[in-house]
Amino acid sequence: MDASTRTRSNSNKPKYSRFTQQELPAWKPILTPKWVITSFVIIAILFTPTGLLCLWASEHVVEIIDRYDDDCLPDSYSTNPDLYIQSRSTNKTCVRTLKVPRKMTAPIFIYYQLDNFYQNHRRYVKSRSDKQLRDPDEADETEDCKPQDHLSGNDDEPIVPCGLVAWSLFNDTYKFFKGNKAIDIDKKNIAWESDKKYKFGSNVYPKNFQKGGLIGGGELDDTKPLSEQEDLIVWMKTAALPSFRKLYGKINTNLEANETITVVIQNNYNTYEFGGEKKVALSTANWIGGKNDFLGISFLATGGVCFFVAVSFILLYVLKPRPLGDPTHLSWNRNQAAQ
Amino acid sequence: MGTGRKRRLHFSKIYSFKCGRNRFDDDHSQIGGPGFSRVVYCNETGVAEAASQSYADNYVRSTKYTPMTFLPKSLFEQFRRVANFYFLVTGILSFTKLAPYSAVSAILPLIVVIGATMVKEGIEDWQRQKQDYEVNNRKVKVHRGGGVFESREWKNLRVGDVVKVVKDEFFPADLLILSSSYEDAVCYVETMNLDGETNLKLKQSLEATSTIHDDSDFNHFKATVKCEDPNASLYTFVGTMEYQEQQYALSPQQLLLRDSKLRNTDYIYGAVIFTGHDTKVIQNSTEAPSKRSGIERRTDRIIYFLFFILFLMAFLGSVYFGVVTKRDLDGDRQRRWYLGPDRSDIFFDPKRAPAAAVYHFLTALLLYGYLIPISLYVSIEIVKVLQTIFINNDIHMYYEEADKPAHARTSNLTEELGQIDTILSDKTGTLTCNSMEFIKCSVAGTAYGRGVTEVERAMAKRTGSPLIVNGRDQLLDDHNDEDSTLSVKGYNFEDERVTNGYWFHEPHSDVIQKFFRLLAICHTAIPDLDEETGKVTYEAESPDEAAFVIAARELGFEFYKRTQTTVSFMELDPVSKKRVERTYELLNVLEFNSARKRMSVIVRDEDGKLLLLCKGADSVMFDRLAKNGREFEESTKEHVNEYADAGLRTLILAYRELNEEEYKEFNEKFTEAKNSVSADRDELIDQATEEIEKDLILLGATAVEDKLQKGVPECIDKLAQAGIKIWVLTGDKMETAINIGFACSLLRQGMKQIIITLESPEIIAAEKDGDKNVISKVSKESVKKQILAGKAQLTASTSDPFALIIDGKSLAYALHDDIKSTFLELAVGCASVICCRSSPKQKALVTRLVKEGTGKTTLAIGDGANDVGMLQEADIGVGISGVEGMQAVMSSDIAIAQFRFLERLLLVHGHWCYRRISSMICYFFYKNIVFGTTVFLYEAYASFSGQPAYNDWYLSLYNVFFTSLPAIALGVFDQDVSARFCLKFPLLYQEGVQNTLFRWRRIFGWMLNGLVSGVIIFFLCTRALDPESYRKNGKTAGMEVVGATIYTCVVWVANCQMALAVSYFTLIQHVFIWGGIILWYLFLLAYGAMPTSISTTAYNVFVETLAPAPSYWVVTLFVVIAALVPYFCYKAVQMRFFPAYHGMIQWIRYEGNTDDPEYVNMVRQRSIRTTTVGYTARSIARDNNLYHLNLELQAPK
């Protein structure tokens, strides 16, 4: 047997290659003082201006936020907001005045902001039918939408769009006035293109929407295809966290500093039940997006920490220029010492 | 054929003990009964009766699976692992409504992982299948009928077939020998594959069939064999053969076992008795015990710990979920009305909140499963396979002479190689070459032989004195010596007084002549005369014996012919200066065995004088000398002691003249004893021989050197400096073992030897009484006393090195349950431990004692069948693929060709593998905890409803694609320091022994690091993106944007963390680490480009929403750096101010201080302590001693 294997391959000697002998050329970095200090200094140098840039950008964003859910509740209903909000007969109109702190250049974005609203709840997130939204032939695909799937007890009447997300569509409305002059709100292109094009069908029309026993939120125009119902599309892009903003519309004119804006709100949406908050926000945006001091401050903070660490390391290295590393603390030496 | 005819000798006659003819005894009455039901119709293939038998065919399968069973069996194996089972359960549950993600995405990684393992299993099994195919398709000559033999594959052999096996072939099945090329139908069998013994065994057929010598004779041959059923006992066989209407008893003597080899015999005929899996050798093969490494066991525990965390997280989440769900419905009032709590299904129903919480618990278990690294086990397996490939391909562990590279037979123990605390080594064949060299002798009280032994050389080195032999300084000649290795193997005798016939001029030339004649006659070797060259080679039972015959030949007493009754040798006649032939008539051989410790032959010389020639161990021989035979006793004893000191094996040679009556009387007694059938047959033989082997006349003593293998002292030195304890377990006698200990530097002067032995007078007295109970009681007491005394010595002085030497007899008592722990404490406290005269079982027991008693990792290394138990018992068994058969290799985990390769195997490969595996596992936990933390924290913001922020496929591909490859690259390629430094700083090895890289502190450190990274990533990402718009177009970030951003950061952090942890960047590391990140972006692009029905929330997410947003990139940059800064700070401080040992070496390398002796010594500090063994330590100890010695010498006497 031996002989036969030997004749097959002349020798069992392993072939030499840098790979098999584990001698590949390699970069073997170790954290020398130079490296450590350089890295921290680079981070500090990189982060400080970036942070300042972010802060600067954030500073240039003008933002007006107004919480109105409590203030728009008539005093007579203050103990019983449910009755007020659920009743069809109460007057939901509410007027708020906002002051523009600095000049806001168009486009100015109008947001509504909800707090303590769990759009990311699994029951909520899953309660939709993407197929139905895309394709008019799939209107019956309402499996995941329960309980908002069919008109009560009638399997032949699927709700389009079905599910809790659509059903709970935000339905407060805002009108803006400068003095007595209404400001145009541009509600076009507030949703993502790909949603409009591919996720919401241009030939899918709302059907049986909000026709069930319990009406959740906003209603839809049955004559407009879903792809044009941008409010719905925006709403159905579920938010990541329980406190979120969604785009309501855009104002395409500038607002000057110290101007007073009147907002006429139809306070329809029920946040009282779950103790949520409603806010309306006007904001400009630049490359960083909306007003966001956090990023800039964290950059600066991290940069500062790194700078501090770099300095401490320099000091440490200066104080202990060549610390050989004391072998006595190695575990086996400790054990030995303990014996 | 010619030699065959010439060799038709009745060798059976010269053997007394082994070759008794058979007799019917009790066993044979059982034939036909239960357990003895096998009936074999020899040579009757066509007959209906024979055909009706349904014995197994001769196909042997060593594979674990067959094509049919592969799938179920390997799947079962896979799901026996807790983690895999968990993933199977979650996979099944993911088809229900409980699942927070889609079933396909959950199942796919499991399939990949299980599939990879199964492919690995399949490949391994396929290789076994190839081996099987090779074995099963070997050809053998089988009787076809009509006296014609044809070639047939082994697998087609049937029970009852008559086969013809020729010289040097393996037996294809268990055969009943019918006849052989020898007239008396004996044959020689090499059973190396069965028991590892190299000596040939003699088998013989029944007399009745021994006359069949031609193929054609089998035309009419018919026999029926009735015998025992297949069993695993190699040394028993009971059966009868009915041949020519006669019943004959069969014994193991007639059975030729599969896997043994026909030697020195031209051919045999045999009938197939057991085939395939019925054969004794296959019945005997047990599944090797499956070994798992300590790291893997600890990994299991961490996995359990993670499971605990997972359950805890799920439990807390469920409780919270239950509470908030219940609150959603307050009577009629719906709080979170948008969730439709009034008409909810069971999973979210506030009215049945507890049930919902329970279901949610299951959901959470599925979701938090990302804490458990699904690909960990398969990655470990892949990494280990690759590591073994590196071991197998290491050019530095390739042994040119034997053409043998290292061979890791199991891949699951590589990292244990880096954690060995104790090495238990066999001696013969492992430390030594098992090649014996006749080097010295003492004849008639004069010592001859000027060869220098390894031990003498080592001693000379130690004392520093030049060793002048033959006018040459042997120390200086070291190198030459290596090249000028003896022209004759087994012979290293140099003495001008004796060689070339000069012995005749010595004073006691007659004694010298007798001495060498004895060497040429008194043995059982078989000469093999090469007729062309006239050279004689010998087949001997042991290398010692070969050395004697060779020595005799070289000195002019050339044994060249053996017949059944004679021994012939050529002798240089001192008077005529001619070579004359002497033929002695061989009357009896009284064989060697371990109880007798001697062998004798009785011969009649050419003058008709009867001589008994005897050689044996000094312990038995000196007692047997005649009063007038003790002339040289004193000086011989002295020489023997000297030889033993030099690490040589000694034998005493003596002879005696017999008179005819005496011999006649003996022969009668002896023959009677031989032919006796009673149970005490051996005892009778012993008695008979006892009476004749006395009143001997001493001739002298021989000394044979057991050559140390190349590089052994150096290797032991390195291993000792690495802090590894080395125990030698040997079957040799104490003196030899101690001397080998000196040669290997395991022992040195100034080391206090604690010797535990039962050679004390009271024990011997008790033994003479013969009461077994008393003996064992006294012995045990004595052993206990000695152990306690040793311990007391040990505690009295902690700085002195101690050596423990214990013999097998004492060891038997020391291993008793009640004193073994004390014994272990003593042994562990000693720098070297040598167990001599230990049996294979004791070796295994000692190994187990060390393994279980200390809880440390043990490695056993050995080469022979007697080491098998030890190899299997130890955490790692290393077989030396040397000359002593394959048994040790077959039961080892790793086979190397030379002991010295152990140095590289442990210090380099072991250290690397340990480091790689432990770092890789830590990293695996790290990356999964980072990911799991982000998943969990998100839950806290989603009222624990079980909704992940990530797309299903992000979840499932995290482990398998984006982060596993760099981890595997770490596991395969990482090196903290290069091989050169591993060897230069052997103490580095202690990192593994102390398990510093995989202790709980480090594991939890990594887990904490994971937690910190996860928390930083999650909060920074969510705070940076919420709730404002994040782009110039004013649009806000939805769940998919936040999810993808966090995920991007996780992938970046996990891979960059790897880059920080790696200290060895090859191109491969770069490709895998940066490739993992690039792969994520590519995936995002590709997945996002798929139709919305597949990509769902990830549709166009990168192209449309993420990539154009500067804040996405800024956030990624910021979060990644922020998440890594804590670790970076820690590592910078640790590396500079508290470097681990490898860190210090890295500094040395980096600062180029490798040649700064002061610096290097400081780092090496404590690699040599007073208790360290090895020659470096020895020379240091000597220097210290010299200093004291000089002081003493200077003092006036």
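Residues numbered from 1 in each chain as written. Chains lettered and ligands numbered in written order. Predicted model: local features only at pLDDT ≥ 70, side-chain atom pairs only at ≥ 80, totals over all residues. Heavy atoms only, no water.

**Q** What exactly am I supposed to notice about the overall build of chain B here?
**A** For chain B, the helix and strand inventory stands at 41 helices and 37 strands. Taking all 1197 residues of chain B together, the buried fraction comes to 60%. Of the roughly 47,000 Å² that chain B leaves accessible, carbon and sulfur atoms contribute 56%. (Helix = DSSP H or I, 4+ residues; strand = E, 2+ residues; numbered from the N terminus. Buried < 20%, exposed > 50% of the residue type's maximum accessible area, 1.4 Å probe, protein only. Areas by Shrake-Rupley, 256 points an atom, 1.4 Å probe, with all protein chains shown as cover.)

**Q** Could you clarify how one ought to interpret the interface of chain A and chain B in this entry?
**A** Accessible area lost when the parts come together is the quantity often used to give the size of an interface. Chain A puts 113 residues into the contact, and the matching count from chain B is 119 residues. Of the roughly 10,200 Å² buried where chain A meets chain B, counting both sides, 62% is carbon and sulfur surface. Close ionic contact of A:R123 with B:D345 constitutes a salt bridge, the shortest N to O distance being 3.7 Å. Between the two partners, chain A and chain B, sit 24 residue pairs in polar contact (both at pLDDT 80 or more). Those elements that place two or more of their residues in the side of chain A that touches chain B are α2 (33–60), β3 (108–115), α4 (122–126), α6 (164–167), α7 (193–199), β6 (244–251), α9 (293–319) and α10 (331–338) of chain A. Ranked by residue count, the leading element in the side of chain A that touches chain B is α9(A), at 10 residues. Along the lines of polarity and charge, the residues of the side of chain A that touches chain B split into 58 nonpolar, 33 polar and 22 charged. (Contact = heavy atoms within 4.5 Å. Buried area = accessible area lost by both parts, 1.4 Å probe. Salt bridge = Lys/Arg side-chain N within 4 Å of Asp/Glu carboxyl O. Polar contact = N/O pair within 3.5 Å; in protein donor to acceptor, adjacent residues only side chain to side chain. Nonpolar A, V, L, I, M, F, W, Y, C, P; charged D, E, K, R; others polar.)

**Q** Mind showing me how you'd approach the sheet that holds β6(A) here?
**A** Residues and elements named next belong to chain A. Strand order in the open sheet formed by four strands is β1-β8-β3-β6, with antiparallel pairing between adjacent strands. Each end of this open sheet is capped by a strand with a single partner; those strands are β1 (63–67) and β6. When strand polarity is set aside, the average angle formed by the axes of neighbouring strands in this sheet is 20 degrees. With seven bridges joining them, β3 and strand β8 (residues 277–283) adopt antiparallel strand pairing. Paired with Y111 across the bridge in β8 is A281. (Pairing = 2+ DSSP bridges. Axes fitted to C-alpha atoms, helices over the stretch in contact; angles between N-to-C directions.)

**Q** When you look at the pattern of salt bridges in this model, what are you seeing that I'm missing?
**A** A side chain with one charge can pair with a side chain of the opposite charge if their charged atoms come near. Residue and element names in this part refer to chain A. In total, this model carries 59 salt bridges over all chains according to the counting rule given. The residue D70 makes a salt bridge to R67 at a minimum N-O spacing of 3.4 Å. Residue R67 is classed as partly exposed on the basis of its relative accessible area, which comes to 32%. The network of salt bridges with shared partners includes R67, D69, D70, D115, E277 and K279.

**Q** Looking at this structure, how should I read the confidence of the model for chain B?
**A** The predicted coordinates ought not to be read in detail in places where the model reports low pLDDT. Residues and elements named next belong to chain B. Summarising the model, chain B shows a mean pLDDT of 81, and 87% of its residues fall at 70 or more. In the predicted structure, residues 1–14 sits below a pLDDT of 50 and forms 36 contacts with residues beyond four places in sequence or in another chain. Reported confidence for the predicted complex is 0.93 by ipTM and 0.81 by pTM. (pLDDT = per-residue confidence, 0-100.)

**Q** Looking at this structure, how should I read the packing of aromatic side chains?
**A** Both the distance between ring centres and the angle between the ring planes are used here to describe each pair of aromatic rings. Evaluation of the coordinates by the stated rule reveals 90 aromatic pairs over all chains. Aromatic side chains A:F170 and A:W235 sit 6.3 Å apart centroid to centroid with 25 degrees between the ring planes, which places their arrangement in the stacked category. Separated by 65 residues along the polypeptide, A:F170 in the loop between α6 and β4 (173–178) and A:W235 in helix α8 (residues 230–236) bring together distant segments of the chain. What makes A:W235 buried here is its relative accessible area of 0%. Ring centres of B:Y954 and B:W1080 lie 5.1 Å apart, and the angle between their planes is 90 degrees; this geometry places the pair in the edge-to-face category. Taken as a pair, B:Y954 in helix α29 (residues 952–962) and B:W1080 in helix α35 (residues 1067–1089) lie far apart in primary sequence, 126 residues in all. B:Y954 sits in the buried class, given a relative accessible area of 2%. One Lys or Arg, B:K164, reaches over the ring of B:Y267 and ends 5.0 Å from the middle of that ring. When the ring centre of A:W192 is taken as origin, the NZ or CZ atom of B:K1035, which lies over that ring, is 4.9 Å away. (Phe/Tyr/Trp six-rings, centres within 6.5 Å; stacked < 30°, edge-to-face > 60°. Lys NZ or Arg CZ within 6 Å of the ring centre and 35° of its normal.)

**Q** I tried to follow the pairing of strand β9 (residues 239–243) of chain B on my own but got confused; where do I start?
**A** Two faces, one strand: in a regular strand the side chains alternate between the faces of the sheet. All names here are of chain B. Burial analysis of β9 places four of its five residues in the buried class, which makes it a mostly covered element. Here five bridges tie strand β8 (residues 223–227) to β9, and the two strands are oriented antiparallel to one another. If you follow C227 over to β9, its bridge partner there is G239. Connecting β9 to the antiparallel partner strand β10 (residues 246–250) that follows it, the hairpin turn spans two residues, and Q244 within it adopts a positive phi of roughly 50 degrees.

**Q** What is the right way to read the state of the cysteines from this model?
**A** Chemically, a disulfide is nothing more than a covalent bond linking the sulfur atoms of two cysteines. All names here are of chain A. Summed over the entire model, instances satisfying the criterion amount to two disulfides over all chains. The disulfide partner of C72 is C94, and the S-S distance across this bridge is 1.9 Å. The chirality of the disulfide connecting C72 with C94 is left-handed, given an S-S dihedral of about -70 degrees. Separated by 22 residues along the polypeptide, C72 in the loop between β1 and α3 (81–86) and C94 in strand β2 (residues 93–99) bring together distant segments of the chain. (Disulfide = S-S within 2.5 Å.)

**Q** Sorry, what's going on with the nonpolar core here?
**A** Looking at soluble globular proteins, one finds that nonpolar side chains tend to be buried together. In this structure, A:F40, B:Y954 and B:I1017 are the most contacted members of the largest nonpolar core, which totals 152 residues. When residues in this core are grouped by element, the largest group, 17 residues, is from helix α38 (residues 1110–1137) of chain B. Residue-level mapping places this core at the junction of two domains, with at least three residues from each of domain 1 (29–61 + 288–321) and domain 2 (63–284) of chain A. For A:F40, the residues in contact, after removing those within four places along its chain, are A:C306, A:V309, A:A310, A:F313, B:V1125, B:F1128 and B:C1129. With 73 residues, the next largest nonpolar core counts B:M599, B:L612, B:L651 and B:Y655 among its residues. (Core = buried A, V, L, I, M, F, W, Y, C linked by side-chain atoms within 4.5 Å. Domains from an automatic or database assignment.)

**Q** Looking at this model, I keep getting lost on the confidence of the model for chain A. Mind explaining?
**A** Residues and elements named next belong to chain A. This prediction gives chain A a mean pLDDT of 84; 91% of its residues lie at or above 70. Here helix α1 (residues 2–8) stands out as the least confident element of chain A, with mean pLDDT 42; β3 is the most confident, with 92. The low-confidence segment residues 1–8 (pLDDT under 50) makes four contacts with residues lying over four places distant or belonging to another chain.

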